[in-house]
Amino acid sequence: MPADTPLVANERLGETVRQIIADVLMIPVERVHPSSALVMDLGAESIDFLDFVFRLEQALGRKIPPSRWGDFVKERLDGEDLASGITADIVREFAEREAAAGA
Amino acid sequence: MTERVAVTGVGVVTPVGIGAGEFGPALRAGRSGVRRIRAFPCDGFETQIAAEVDDASLDAVRFVDRPKLLKLMSRSAVFAVAAAAMARREARLGADAVDPRRLGVCLGAGGMGVVDLDLLAGQADAVLASATEHGGTSWDIPAFARIYRARTNPLSMLRGLPNLAAAHVAIQHDARGPNSTVTTACTAGTQAIGEGLRTIQRGDADVVLAGGTDAMINPVGVLGFGMLGTLSRNNDAPEKASRPFDKDRDGFVIGEGAAVVVLEREGFARGRRAPILGELAGYGVTCDAYRITDERPDASGAAAAIHRCLEDAAAGNDEVGYVNAHGTGTPMNDLTETRALKQAFGEQAYGLPVSSTKSMIGHLLAAAGAVELVASLLALRCGFLPPTINYETPDPECDLDYVPNEARAARFDAALSCSFGFGGQNACLLIRRW
C-alpha cells in the first residue's frame, strides 16, 4: 500500500490488520481470528512484532515511534502473559489508536 | 581420535542441477550452466555472463519447516538450507537419530558480505531519493536515514549477516552443537568442510553438516570482480567463457549455489547403519602471506597445502587418482596451480588427471570448495573423471592432463579437491573410498 493513501475506515483497518498478521506470519488469513493469540496460537516471535509495526506504518502512511507498541502492550495487558495475551484483536486496537492519533 | 570420518549424505544447489541426481549426470555430460545474466539488466557491463541457479527449479518452501522463516533468509541462506535438507535426507539421518548437542554446523558463506539484489535496490532507491529530494546531486545522509527507515522492513538487515545461513540450518535440524561460519571467500567451502572434519576428530560432535553457500550475482559483485580484471568478458559465447587451463582463458565466471555434506564419526555411522559414501580423509590449509591477489609465483603456499592434506590423510602421492582443481580460468591461477601440482606430485603429476568443474558451473565463491568436494565424491563413486570443458588450445606452460572436454571413465580410490583464493588462502581436502 503506497504511503500516501492512509486508511481511515475502521472496518477496512480491521481487515488490513488481519491481512498484515497473515502476511507477517505467512499463514492463511482464515487462521487469524480476533481471539487468536499471536505467539501461542500463530507462532509469532519477537522480531515479527517489528514487522507488524512496520507494515502498519506503511498502511497508515505515518511513522510509529519505536516505543509505542511496547508501551501499549504493557499498559493494555497489565502483567498478563504476552504469549497468550497478545491477540489479533489487541493488535487491531493498537492500529485503531495509531490511526486516530494521526488523524 | 583414530576413528575415520565418513561422508553419509550430500546435497547441492548448482547452476547445472539441484540435488546430486541432477548434478552428477550434468558433470558427466560436460554441461555448462553459464548464460547471459538474467537477474538484472546488464547492458553496458564489461561482463554480462554468470552461472545462475534456476529459480524455477528450487522450491524453497519444501525445505523449511515454517514458511515464515523464508522472510529472514538471504538467497544464499535458502541455498544452504535446501542443500542441508537434501544431504540429511540422503544420509537417512532421522529426526531423532542424533543428540542435538552432538550435531554441529559449519558453513562457508558471505563471499562479499551478503548482498541480495533486492536489499541493494532498496538502498539504491533511498540514496537516490535522498539526493534528489531537494534537487541535490549527492548522497544526503540525514535524508537517507529518514527515507530508508520509512521504506525498509526492519528485518531485512538480518538477511545480510553471513553467520545466519548456519543459524538457519541449525534451526531446521535442531543442531545445538558447535556452529561456525568461515568467510575465506574462494576457499571458504573447503575450509568449512575441513573444520567440520576437525570438529568430529576433536570429539566435539558426532555429526556435522558442513559445506558452503554463496549468491553474489548482483551488480556490485559483478562490477567489483570485473574491475579487478578477474572476470571473463566472453559475453558472446557464454558457455565457452569459462576455459580453465586453456591458452585463451580470460578470467572466471561468477556462479552461485551451495553444497552441504553430512560428516559422521565412524562409530556413530556404523552404529546406525548409515549409508557411507566415502571417507573424508585429509585436510590441509596454508596461507601464502604474500600479496592480496597475486599468488606466490613459486606456488609454494599452494604446494604446501596439498602436501599437508596428503600427510593428514596419510596418503601417498600415488594414491590420488583425480584432482579437482581450483581452476578458475584466470591466467595466473591456472599457471600457479599447475606449478603447485608439479611441486607436490613431482613427475607423477603428468600421469594424474586434473580437471576444473568451474569450466561448467563457474566459480561459486564461498560455495565452490563444497560443491567441488561433492563433485569429487560423485566422480569417485560413479567411476568417472569430470571434464574441463572449453579446452581448445593447450597452453605450453600448463601441460598436465586436464581431462579435456569429455568425461572419462576411471576407477580411482582417492581424490584431492583444491581451493586457492584471494588473500593467498590455500585449502585442500582428500576424499577416499571407504
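Computed from a predicted structure; not experimentally measured. Every chain is numbered independently, its residues counted from 1 as its sequence is written. Going through the entries in the order they are written, you letter the chains from A and number the ligands from 1. For this predicted model, a pLDDT threshold of at least 70 governs which residues receive local features, and a threshold of 80 or more governs which side-chain atom pairs are given and counted, while totals over whole chains, interfaces and linings are taken from all residues. By convention in this description, side-chain values take in all heavy atoms of the structure and omit both hydrogens and water.

Looking at the environment of L82(A)
Residues and elements named next belong to chain A. We count it as follows: Numbering of helices and strands runs from the N terminus, with a helix taken as a DSSP run of H or I at least four residues long and a strand as a DSSP run of E at least two residues long. The rule is simple: take the accessible area with a 1.4 Å probe, protein chains only, and divide by the maximum for that residue type; under 20% is buried, over 50% is exposed, in between is partly exposed.
For L82, the position within the fold is in helix 4 (residues 82–85). Here L82 falls in the partly exposed class, since its relative accessible area comes to 44%. A C-alpha to C-alpha distance of 19 Å links L82 and R31, two positions 51 residues apart in sequence.

Observations concerning the nonpolar core
What counts is decided by this rule: To form a nonpolar core, buried Ala, Val, Leu, Ile, Met, Phe, Trp, Tyr and Cys residues must be joined to one another through side-chain atoms within 4.5 Å.
Core analysis: the largest hydrophobic core is formed by 50 residues, its most contacted members being V7(B), F23(B), I193(B), L263(B) and L280(B). At ten residues, the largest contribution of residues to this core is made by helix 13 (residues 368–382) of chain B.

A short note on the packing of aromatic side chains
Basically, it comes down to this: Pairing of aromatic side chains here covers Phe, Tyr and the six-membered ring of Trp, requires ring centres within 6.5 Å, and sorts the geometry by plane angle: under 30 degrees stacked, over 60 edge-to-face, intermediate tilted.
Throughout the structure, instances matching the rule amount to 13 aromatic pairs over all chains. Ring geometry for W69(A) and F94(A): centres 5.0 Å apart, planes at 80 degrees, overall edge-to-face. With W69(A) in helix 3 (residues 68–77) and F94(A) in helix 5 (residues 88–102), this residue pair connects regions lying 25 residues apart in the sequence. Of the two residues, W69(A) and F94(A), both sit in the buried class. Judged by centre distance (5.4 Å) and plane angle (80 degrees), the rings of W139(B) and F144(B) are edge-to-face. Overall, the relative accessible area of 48% leaves W139(B) in the partly exposed class. By the ring-pair criterion, three or more aromatic residues cluster together here, those being F49(A), F52(A), W69(A), F72(A) and F94(A).

Re the interface of chain B and chain A
In plain terms, the rule: Contacts: residue pairs with any heavy atoms within 4.5 Å of one another. The term buried area denotes the loss of accessible surface (1.4 Å probe radius) that occurs when two parts are joined, taken as the sum for both partners. By definition here, a salt bridge exists when the distance from a side-chain nitrogen of Lys or Arg to a carboxyl oxygen of Asp or Glu is within 4 Å. Any pair of nitrogen or oxygen atoms within 3.5 Å is treated as a polar contact; in protein, a donor-acceptor pairing is required on top of that, and neighbouring residues in sequence qualify only through side-chain atoms on both sides. Side-chain classes follow a simple rule in which Ala, Val, Leu, Ile, Met, Phe, Trp, Tyr, Cys and Pro form the nonpolar group, Asp, Glu, Lys and Arg form the charged group, and the remainder, Gly included, forms the polar group.
Listed as interface residues are 13 residues of chain B and, on the opposing side, 16 residues of chain A. Among the residues of chain B in contact with chain A, K68(B), K71(B) and R149(B) are the three that bury the most area, contributing 48% of the side total. Where K71(B) meets D51(A), a salt bridge forms, and the shortest distance between an N and an O atom there is 2.8 Å. Counting across the interface, chain B meets chain A through eight residue pairs in polar contact (both at pLDDT 80 or more). In terms of residue class, the side of chain B that touches chain A is made up of six nonpolar, two polar and five charged.

Concerning helix 3 of chain A
Residues and elements named next belong to chain A. Applicable threshold: Summarising the geometry, the arc corresponds to the directions from the helix axis toward the C-beta atoms.
Looking only at helix 3, the buried set comprises W69, F72, V73 and L77. In an axial view of helix 3, the angular spread of the buried residues amounts to 100 degrees, which keeps them on one side of the axis. Away from the buried face of helix 3 by more than 90 degrees, exposed residues K74 and E75 are located. Residues of helix 3 that are buried make contact with helix 2 (46–60), helix 4 and helix 5. Just past helix 3, the residue D78 takes up positive phi, approximately 45 degrees.

Focus on the environment of E337(B)
Tracing the sequence through the fold places E337(B) in helix 11 (residues 331–345). C-alpha separation for the pair E337(B) and C418(B), spaced 81 residues apart in sequence, amounts to 9.2 Å.

Just geometry here; none of it tells us what the structure is for.
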